[in-house]
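# A structural walkthrough
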Amino acid sequence: MIALFVTFFSAAVLLFLGLNKRESSYSLFAALALFVSAGLSWACSANLVSFHGLESWVPANMMQFGKEQHLFAALLAFIVGFILLMFRKNEVIGNDQLGLMMFSLCGAYMMVSYQHLVMLFLGIEVLSIPLFVLAGANKSNLASNEASLKYFLMGAFSTGIFLLGTAFIYGGTGSLELEMMGIKPSFMHAMQGMPLPVLINAGIVLMSVGLLFKVAAAPFHFWAPDVYEGSPNRTTLYMATVVKIAAFVAFYRFLSTFGGIADAWKGWMSVLGAITILWGNLAALNQASVKRTLAFSSIAHAGYLVMFLLMADGTNTWILWFYGLAYAMASLLVFSIANQVSFQGERGFAAFDGLSKKSPVAAIALAVGVLSMAGIPVSAGFNAKFYLFSFAWQHMPWLVGVGLLGSAISVGYYFKFFKHAFMNQPSNDNPVVDRGWLMLLGGLILLLGALPWAVLNVIY
Amino acid sequence: MLTLMIFLPLLGFLVNGIFGKFLPKAISGWLGTAAVLGSFVIALMSFMDLTGDTTIPERIYTKLFTFLHVGNFHVDFAFQFDRLSAVMTLIITGIGTLIHLYSIAYMHEDEGFYKFFAYLNLFIFNMLVLVLGSNYLMLFFGWEGVGLCSYLLIGFWYKNADYGKAARKAFVMNRIGDLGLLLGLFLIYDTYGSFEYQEVFRSVFAGSVESNAVNTAIALLLFIGAMGKSAQIPLYTWLPDAMAGPTPVSALIHAATMVTAGIYLVIRSEAIYALSPLAREVVMWIGLATSLMAALIGLKQNDIKKVLAYSTVSQLGLMFIALGCGAYTAALFHVITHAFFKALLFLGSGSVIHGMHHEQDIRHMGGLRKKMPITYLTFLIGTLAITGFPFLSGFFSKDEILVSAFAHNKLVFGLALIGAGITGFYMFRMFFVTFHGTYRNTHHSFDKVHESPWLMTLPLLVLAVLSVIGGVVNLPHYLGEGISGILHHTLNYDGGGKFSPILIYPEHAPEIEHTTEWLLLGMAVSVFVIAFLHTRNKYVVQGAVPEADSAQTGMGKVLANKFYVDEAYDTAFVSSLEAAGEVVGNYVDDKAVKGLVDGVGSGSNGISRLLSKIQNGNIEYYLVYMVIGVALLLAFNLF
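No experiment lies behind these values; they were computed from the predicted model shown. (Residues numbered from 1 in each chain as written. Chains lettered and ligands numbered in written order. Predicted model: local features only at pLDDT ≥ 70, side-chain atom pairs only at ≥ 80, totals over all residues. Heavy atoms only, no water.)

### So, the overall build of chain A
A tally of regular secondary structure across chain A gives 21 helices and zero strands. With respect to the principal axes defined by its C-alpha atoms, chain A has extents near 65 × 50 × 45 Å. Just so you have it, chain A exposes about 14,000 Å², and 68% of that area is on carbon and sulfur atoms. In chain A, 22 positive and 17 negative side-chain charges are present, and the distance between their average locations comes to 6 Å. (Helix = DSSP H or I, 4+ residues; strand = E, 2+ residues; numbered from the N terminus. Areas by Shrake-Rupley, 256 points an atom, 1.4 Å probe, with all protein chains shown as cover. Lys, Arg positive; Asp, Glu negative; His and termini not counted. Charge placed at Lys NZ, Arg CZ, Asp CG, Glu CD.)

Rendered as structure tokens:
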């Protein structure tokens, strides 16, 4: 809850500060506010401080911040803070955009902490509406406009489906509260072996479609490559990390409620997961554009995380937290470097040419990030995949097999980064700045690779 | 001590990696060498302790920290030093030290000298993690680490497109292997509830799993991992390509150490393989097929390193035959002797390449024995050792494999003997063409050919001595009970009553009558003699020179082209995967988007046209896909 307040009010302040100025210096302020939000949330999760007065403002059946919600809020704020920090030098970001991104983050907080489906819906909308604007933030760029329009049209469509699903669920269970749904008679009967009411079943499917759309899982991912490619880099990064993590937490909490009737949705969900993994990885193989490759890679990661949904019993959220952290740090590294070397319009991998000669530090950081995404030890990404796969194995072994196959294929396209960064001669002289942050992130990825449990013990 | 042994090379890597730029070359090189030598000394001392002092437990165990602990899911980051790990560690650090020494001279002209040593040290570190880890997850860490280092080191010299392909191939093939290994690991955890070797094997031994189908599945999956790392059919084609790297790398990684990781994995998992005769048969036949196929290909290669590469693949196949027959000692024995003579041969070939100013084609060599006496002599010893000249190291180890094959299956024995015979043909062919006959190079005059400096010849001499006497680690019993079978006793140690032996189900020596055994020996020797006489007659007496690949016909052409396996793989996997990627990619990325994006690039299209394209282009399709998806899901769920 505290993160929501700090983020919201600093965003509001930013908007007023920037009424007649367009300066970038405010992104430091924004990043600071986000790090404060993250820090306070973490402190709440560790019971170092508490803000009971604040939390009592919102009824507990609407939104609740427990330990896990605080941790996810901290993670999301931390990621956005880093995004603003690392992208501040290359593009001038107006305060309106900073504010919008932070408002959108408030929606993400709501998605991780909702107790009521109306709050979930509200969260999704608060998250999405600023994004329609942010995707089109490069007003002079046609691709950016296209991205915005596409995201908006398809988003509206998926929202409709999601809402219909919510209505069905209400019709089937008679409640929109997570805690109430599970004890409604219709639901209890299904758990005892009676046929599942059609309304509940259809409701789960339709709501899942809405959420699968947000995480860009097949076959509802078609928007992602176009939108990711057209949007400004920091928006893309935001969508690939924050939106995805928030949507998966929401998804997980939603499905946990229906954990008792998991057989009704586990089958098709894992098939969709397998399709997503294979589709994302295969399509990424042949992309010429860096951002498109990363878009398909992020689709593949959504596929891996579908495994996480299959173990929805409310006890394994730390896996998603760790996976999200690992994936976000690697994405930050790779996107930030991609942004710096290619900001003059080079979309292909040639932008990375000769990076190891221009800036060895950046090249090594890039390598660490890419290896982490590919899941090669010793890196945070490997541990995240390892945790995820070893827990999912008990639920759906064949899907883990598909996941491993997918990560084997993924080496094919992650390899391109190496080839261009280490083998080729420099083809441009775009400088790489912010080496300190890159080193920090690379170091964190390696630390989480070598001592994951020690770090988790401290934080989680 | 154990921790120090493992982390010394990592320290070397860090120092060279971070400060290497500022250090003089001599210091970088010696520093790297010293780190590995230090590990070797500690390993030797620990090994003495382990085998000599009865108060020390059966294995030295060090836990560094908990890697993961959730509920009953527990994995430690821990190392163990037992007799099997010890043997592997001694090979890795021992040969590693010699190769580091050699590299100081071999790489002295290279710009990235310090980087090279940093990578070599990193490799040694990862290899030690692989063999010294106390559970399967640690093994996997090392497994991935050595793959990564191998890839970095292949790429060290060759900065062209070819290299990109070679390294990519190595990486992808290894990933396929890793896929099998990881699945095997998950299945092990699922079945036995632990990754720790001791706990897994204890459960296996206690027979906690009713059906052996699970064990067979685990064994086969682990073997897929071994196929990738140890270059067995169908995942072997990366190894010959990996020879694009510097020669010391080929010697260390692609001959003596990394490629034997698969053998180590199978020996380590003996308890599981022992329960699965089917898996062992598969291992044996794949080993046999690899051994024969690689030997045949080796007959027609003209690049000195390619010949050695295929020879390595073939010898690895031989080791897998032994494993398949249940002769774990024989396999490990051959790992040891092979490490000696193959490292020797690779370093020797490096010396030749060095002396010939980077010429690798044996057709452009000839008569080198006069200019490079030490290289000649040591290379001769290496060749004799690998081809099975009586009483050299390779003779004993190969013979032991053949004997166990004979006891297991006569057909396998016959084919393996043929494979061993072919070894003689291609090795002597290469040897005679390189060192005998007349000098045939037109680029450099014969006067410019020179012997290598002492830093390079010293390791050659040491390895030559080891190749001659290496057999002592496991002499056959007919030479006397007292001195024979040291390695056999090491591996089959019963743990002094405690449960920690290496081989859970001890091996039995093959029951073969003495006369039969002598007969087998005679057959092996006569095959050697035929190969020697034939190649000598052809390449020395008649002075023949291998013809160009384009002049090959019939079977020779097929062999020179390596059975067209690369081409077949290219069509079957690479192209089809890329085609799949294209289909999947284009399905989404259809013409309209491309047109739009290109249009933005060239700035030639008007906004209205673009907008109209957006409007009536794909987004409708996307929505249709989505609707179809929803409809299918609902239909699937409700009807």
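### Let's talk about the environment of B:Lys448
Residues and elements named next belong to chain B. Relative to the elements of secondary structure, lysine 448 occurs in the loop between α18 (410–435) and α19 (454–469). Separated by 263 residues in the primary sequence, lysine 448 and leucine 185 have C-alpha atoms spaced 54 Å apart. Discounting residues that sit within four places of it in the chain, lysine 448 has contacts with Gly355 and His357. (Contact = heavy atoms within 4.5 Å.)

### With respect to the interface of chain B and chain A
The partner chain A presents 66 residues to the 59 residues of chain B that form the contact. Of the roughly 5,800 Å² buried between chain B and chain A, counting both surfaces, carbon and sulfur atoms make up 81%. When the buried surface of chain B facing chain A is broken down by residue, B:Arg175, B:Phe186 and B:Met626 rank first, second and third, together holding 12% of it. Between the two partners, chain B and chain A, sit zero salt bridges. For the side of chain B that touches chain A, the secondary-structure elements that each account for two or more residues are β1 (60–70), α5 (136–154), α6 (161–192), α23 (565–588), α24 (591–602), α25 (607–616) and α26 (618–638) of chain B. (Buried area = accessible area lost by both parts, 1.4 Å probe. Salt bridge = Lys/Arg side-chain N within 4 Å of Asp/Glu carboxyl O.)

### Remarks on the confidence of the model for chain A
Averaged over all residues, the pLDDT of chain A equals 85, while 93% of them reach at least 70. Within chain A, the lowest mean pLDDT, 67, falls on helix α9 (residues 185–191) of chain A, and the highest, 92, falls on helix α6 (residues 117–135) of chain A. (pLDDT = per-residue confidence, 0-100.)

### Some details on the packing of aromatic side chains
Using the criterion set out here, one finds 59 aromatic pairs over all chains in the structure. With 5.1 Å between their ring centres and 75 degrees between their planes, A:Phe349 and A:Phe417 make a pair best called edge-to-face. Residue A:Phe349 is located in the loop between α15 (317–341) and α16 (355–358), and its partner A:Phe417 is located in helix α19 (residues 397–423); the two are separated by 68 residues in the primary sequence. Both residues of the pair, A:Phe349 and A:Phe417, belong to the buried class. Taking the centre distance of 5.6 Å and the plane angle of 20 degrees together, the rings of B:Tyr102 and B:Tyr106 count as stacked. (Phe/Tyr/Trp six-rings, centres within 6.5 Å; stacked < 30°, edge-to-face > 60°. Buried < 20%, exposed > 50% of the residue type's maximum accessible area, 1.4 Å probe, protein only.)

### Some remarks on the environment of B:Gly20
Residues and elements named next belong to chain B. Tracing the backbone through its elements, the reader meets glycine 20 in the loop between α1 (2–19) and α2 (25–52). Assessed through its relative accessible area of 2%, glycine 20 is described here as buried. Once you skip the residues sitting within four places of it in the chain, glycine 20 turns out to touch Val15, Ser28 and Tyr114.

### Topic: the domain arrangement of chain A
Residue and element names in this part refer to chain A. In terms of domain boundaries, chain A breaks down into domain 1 (1–113), domain 2 (141–264) and domain 3 (279–460). Placing a centre on the C-alpha atoms of domain 2 and another on those of domain 3 gives a separation of 25 Å. Contact with domain 2, which involves 25 residues of that partner, is made by 29 residues of domain 3. Across the domain 2/domain 3 interface, buried area totals approximately 2,400 Å², and carbon plus sulfur atoms make up 72% of it. By the criterion of area lost to domain 3, the three top residues of domain 2 are Glu229, Phe248 and Tyr252, representing 32% of everything that side buries. (Domains from an automatic or database assignment.)

### Points about the packing of α15(A) against helix α21 (residues 452–459) of chain A
Residue and element names in this part refer to chain A. At their nearest, the axes of α15 and α21 sit 12 Å apart, and the two run at 110 degrees to each other. The angle between α15 and α21 falls in the class roughly perpendicular. Crossing hand, α15 versus α21: right-handed. Residue-level inspection shows Trp318, Trp321 and Phe322 of α15 in contact with α21, the latter providing Pro452, Trp453, Leu456 and Ile459. (Axes fitted to C-alpha atoms, helices over the stretch in contact; angles between N-to-C directions. Parallel < 35°, antiparallel > 145°, perpendicular 65-115°, else oblique. Left-handed = near helix turned anticlockwise from the far one by under 90°.)

### Topic: the pattern of salt bridges
All names here are of chain B. On inspection of all chains with the given rule, the structure shows seven salt bridges over all chains. Residue arginine 175 pairs with glutamate 144 through a salt bridge whose shortest N-O separation is 2.6 Å. Here glutamate 144 lies in helix α5 and arginine 175 lies in helix α6, a separation of 31 residues in the sequence.

### A closer look at unusual backbone geometry
For the peptide bond that leads from A:Pro377 to A:Val378, omega is -5 degrees, which places it in the cis range. One can find A:Val378 in the loop between α17 (360–374) and α18 (380–392). At the junction of B:Ile233 and B:Pro234, the peptide bond is cis and its omega measures out at 5 degrees in the coordinates. Along the polypeptide, B:Pro234 turns up in the loop between α8 (212–229) and α9 (238–242). The backbone phi angle of B:Ala231 is positive, close to 55 degrees, even though this residue is not glycine. Assignment of secondary structure puts B:Ala231 in the loop between α8 and α9. Unlike most non-glycine residues, B:Phe391 shows phi in positive territory, near 70 degrees. Take B:Phe391: it is sitting in the loop between α16 (373–387) and α17 (393–408).

### Overview of α8(B)
Owing to its 3.6 residues per turn, the α-helix aligns residues three or four sequence positions apart on the same side. Residue and element names in this part refer to chain B. Helix length check: α8, at 18 residues, gives a terminal C-alpha distance of 26 Å against a target of 26 Å (1.5 Å per residue), a fit within 8%. All buried positions along α8 are accounted for by Asn215, Thr216, Ile218, Ala219, Leu221, Leu222, Phe223, Gly225, Ala226, Met227, Gly228 and Lys229. Within two residues after α8, alanine 231 carries a phi angle of roughly 55 degrees, on the positive side. (Expected span 1.5 Å × (residues − 1).)

### Notes on the packing of helix α4 (residues 113–132) of chain B against helix α10 (residues 247–256) of chain B
Geometry of a packed helix pair, given as the angle between the helix axes and the separation of the axes. Residue and element names in this part refer to chain B. One way to put it is that α4 packs onto α10 with a least axis distance of 12 Å and a crossing angle of 5 degrees. Of the possible angle classes, the one that applies to α4 and α10 is roughly parallel. Only Pro248, Val249, Leu252 and Ile253 of α10 make contact with α4, whose side of the interface consists of Phe116, Leu120, Phe123 and Ile124. Partitioned by chemical class, the residues of the contact of α4 with α10 number eight nonpolar, no polar and no charged. (Nonpolar A, V, L, I, M, F, W, Y, C, P; charged D, E, K, R; others polar.)

### Points about α21(A)
Residues of α21(A) that are buried: A:Pro452, A:Trp453, A:Val455 and A:Leu456. Angularly, the buried residues of α21(A) cover 160 degrees about the axis, an arc narrow enough to put them on a single face. Of the residues in α21(A), the exposed ones pointing more than 90 degrees away from the buried face are A:Asn457 and A:Val458. Buried-residue contacts for α21(A) involve α15, α18 and α20 (435–450) of chain A together with β1 of chain B. (Arc of directions from axis to C-beta.)

### Some details on the pairing of strand β2 (residues 73–81) of chain B
Residue and element names in this part refer to chain B. For β2, the buried fraction is high: eight of the nine residues fall into the buried class. Relative to β2, β1 runs antiparallel, the two sharing nine bridges. Bridging from a neighbouring strand, valine 70 pairs with phenylalanine 73 of β2. (Pairing = 2+ DSSP bridges.)

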